[in-house]
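Spelled out, the chains give:
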Amino acid sequence: TDPQKLPITVLSRCLQFNLRRLPLSVIREQLARVLEQEGMAFEPAAVAEIARAADGSMRDGLSLLDQAIAFAGGAPLEREPIEDMLGTAGRQVLYTLLQAVAAGDGAALVQGIASLDARAPDHAALLNDLAAILQRVAVLQVLAEAQSDDDDAELLALVPALAAEDVQLCYQIAVHGRRDL
């Protein structure tokens, strides 16, 4: 998966296939199909989290699904435990924080930050998620037709709630914060 790690003498004798990343919806549907065939109960949001973490790779998605099944210990796959397993538990809190920003509710913002700190998140991943959410909001503000099944309801609620200028400012803060981190 990383041709730069191979010696040039080996690489010159190889046939390379550059595979494109699979869309989130394709991975999500395949993982749901696997779970249905195995007779495992699951929340669609849990499968969506695994598909998002797979980052376009079906192999990674299936590996993460295997880990999630083991992590659940026979219980139905639910979003919150899967987020804890993947270390992505902050995404829902990010939606809450952005809703507080949109509403101008400082108290909710401080409470959300305290809730986030209690989880001891991976701040770099959190800033990446924040930038991705804000980028998606900006796209949907300009082009509503770009909406897809992969967009969370919380994200769609932010599109009319946030001013375009605020989205751009928050996006810049997230990107620069990630760089500075």
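Everything that follows concerns the structure shown earlier in this document.
Worth saying up front: this structure is predicted, and the values here are computed from it rather than measured.

1. Side note on the nonpolar core
The biggest cluster of nonpolar side chains holds 21 residues, and the ones touching the most others in it are Ile133, Val137 and Leu158. Mapped onto this core, the elements with two or more residues apiece are helix 6 (90-103), helix 8 (123-142), helix 9 (153-161) and helix 10 (164-180). Element by element, the count of residues in this core is highest for helix 8, at 8 residues. Beyond its immediate sequence surroundings of up to four residues, Val137 is in contact with Leu155, Leu158, Val159 and Val167. Ranked by size, the runner-up nonpolar core spans 17 residues in total, among them Ile27, Leu35, Leu64 and Leu77.

2. Quick word on a nonpolar patch on the surface
On the surface, Leu15, Phe17 and Leu19 cluster together to form a nonpolar patch covering roughly 440 Å² of accessible area. Summarising the element assignment, Leu15 is placed in the loop between helix 1 (8-11) and helix 2 (24-38).

3. Thoughts on the pattern of salt bridges
A full pass over the atoms with the stated rule returns 6 salt bridges. Where Arg52 meets Glu49, a salt bridge forms, and the shortest distance between an N and an O atom there is 2.9 Å. Of the two residues, Arg52 and Glu49 are both situated in helix 3 (residues 44-54); the distance of 3 residues between them amounts to about one turn of the helix. Owing to a relative accessible area of 22%, Arg52 belongs among the partly exposed residues under this scheme. Note that Asp180 is salt-bridged to Arg179, the shortest N-O span being 3.2 Å. Of the two residues, Asp180 and Arg179, neither departs from the other in class, the shared state being exposed. A cluster of three or more residues bridged by salt bridges with shared partners is formed by Arg79, Glu80 and Glu83.

4. Here we look at unusual backbone geometry
You will see that Asp55, though not glycine, has its phi angle at about 55°, which is positive. With respect to the helices, strands and loops of the structure, Asp55 is situated in the loop between helix 3 and helix 4 (58-72).

Parameters and conventions
Residues numbered from 1 in each chain as written. Predicted model: local features only at pLDDT ≥ 70, side-chain atom pairs only at ≥ 80, totals over all residues. Heavy atoms only, no water. Core = buried A, V, L, I, M, F, W, Y, C linked by side-chain atoms within 4.5 Å. Buried < 20%, exposed > 50% of the residue type's maximum accessible area, 1.4 Å probe, protein only. Helix = DSSP H or I, 4+ residues; strand = E, 2+ residues; numbered from the N terminus. Contact = heavy atoms within 4.5 Å. Patch = residues over 30% accessible without salt bridge, like charges linked within 9 Å, V, L, I, M, F, W, Y side chains within 5 Å. Areas by Shrake-Rupley, 256 points an atom, 1.4 Å probe, with all protein chains shown as cover. Salt bridge = Lys/Arg side-chain N within 4 Å of Asp/Glu carboxyl O.

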